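Now for the letters of each chain:
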Amino acid sequence: MIRTDPDLRWMFEQAMRETWAVGRARGVKLADDFIEARMKFAETLPAEMKASMAHDLEAGGKLEAPWLCGAVARMAREAGLDAPVNRAVFAALKPFVDGSQAKAS
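Draft legend 1. Region of the structure containing the packing of helix H1 (residues 6–25) against helix H5 (residues 84–93). Following both chains from N to C, one finds H1 and H5 inclined at 110°, their axes separated by 8 Å at the closest point. Comparing the axis directions of H1 and H5 gives the class roughly perpendicular. Seen from H1, the contacting residues are Trp10, Met11, Gln14, Ala15, Glu18 and Thr19; seen from H5, they are Pro84, Val85, Asn86 and Val89. Classifying every residue of the contact of H1 with H5 gives six nonpolar, three polar and one charged.

This is the structure in structure tokens:
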């Protein structure tokens, strides 16, 4: 769904771009074409494939959001950068970080 919906695809790519910028700001040597290469790779994945956090969310399990999108948002702030997509995704997932008694649908 993310790859075929223009708005979700944009959000996916922007989250990667923010993460790439944070990595570069922290001295990680990431290629200039890293995002384009990852987007091409994503096109090769099975359509039914989901991130592990999506499976955890659906099952009502604990989420690793604080260590993924939450960490990108925090490290961006520390580096004087903005990561609005990662920050928004983390904020949306916060109520489910410790799991949920009611499974998401």
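Draft legend 2. How the structure looks around the packing of H1 against helix H4 (residues 69–78). The geometry of H1 relative to H4 is characterised by a closest axis approach of 10 Å and an angle of 50° between their N-to-C directions. Taken together, the axis directions place H1 and H4 in an arrangement best described as oblique. Both H1 and H4 take part in a crossing whose hand is left-handed. The residues of H4 that touch H1, namely those facing Glu18, Thr19 and Val22, are Val72, Met75 and Ala76. Grouping the amino acids of the contact of H1 with H4 by side-chain chemistry returns four nonpolar, one polar and one charged.

Draft legend 3. H5, seen in detail. Among all positions of H5, only Val85, Asn86, Phe90 and Leu93 are buried. For H5, the angular spread of the buried residues around the axis is 130°, confining them to a single face. Residues of H5 that are buried sit in contact with H1, helix H3 (52–59) and H4.

Calculation criteria
By convention here, each chain's residues receive numbers from 1 onward along its written sequence. The predicted origin of the model limits local features to residues at a pLDDT of at least 70 and limits the giving and counting of side-chain atom pairs to 80 or more, whereas totals for whole chains, interfaces and linings rest on all residues. Just so you know, side-chain values use all the structure's heavy atoms and leave hydrogens and water out. Each axis is a line fitted through C-alpha atoms, taken for helices only over the stretch in contact, and angles between the N-to-C directions span 0 to 180 degrees. Counting from the N terminus, the helices are DSSP H or I runs at least four residues long and the strands are E runs at least two residues long. Angles below 35 degrees are treated as roughly parallel, those above 145 as roughly antiparallel, those between 65 and 115 as roughly perpendicular, and all remaining angles as oblique. Note on contacts: a residue pair qualifies if any of its non-hydrogen atoms lie within 4.5 Å across the two residues. Under this grouping Gly is polar, as are all residues other than the nonpolar Ala, Val, Leu, Ile, Met, Phe, Trp, Tyr, Cys and Pro and the charged Asp, Glu, Lys and Arg. Handedness of a crossing is defined here by the sense of rotation of the near helix relative to the far one, left-handed for an anticlockwise turn of less than a right angle and right-handed for a clockwise turn. We call a residue buried when its accessible area falls under 20% of the maximum for its residue type, exposed when it is over 50%, and partly exposed in between, using a 1.4 Å probe and counting protein chains only. Arc, as used here, means the arc of the directions from the helix axis to the C-beta atoms.

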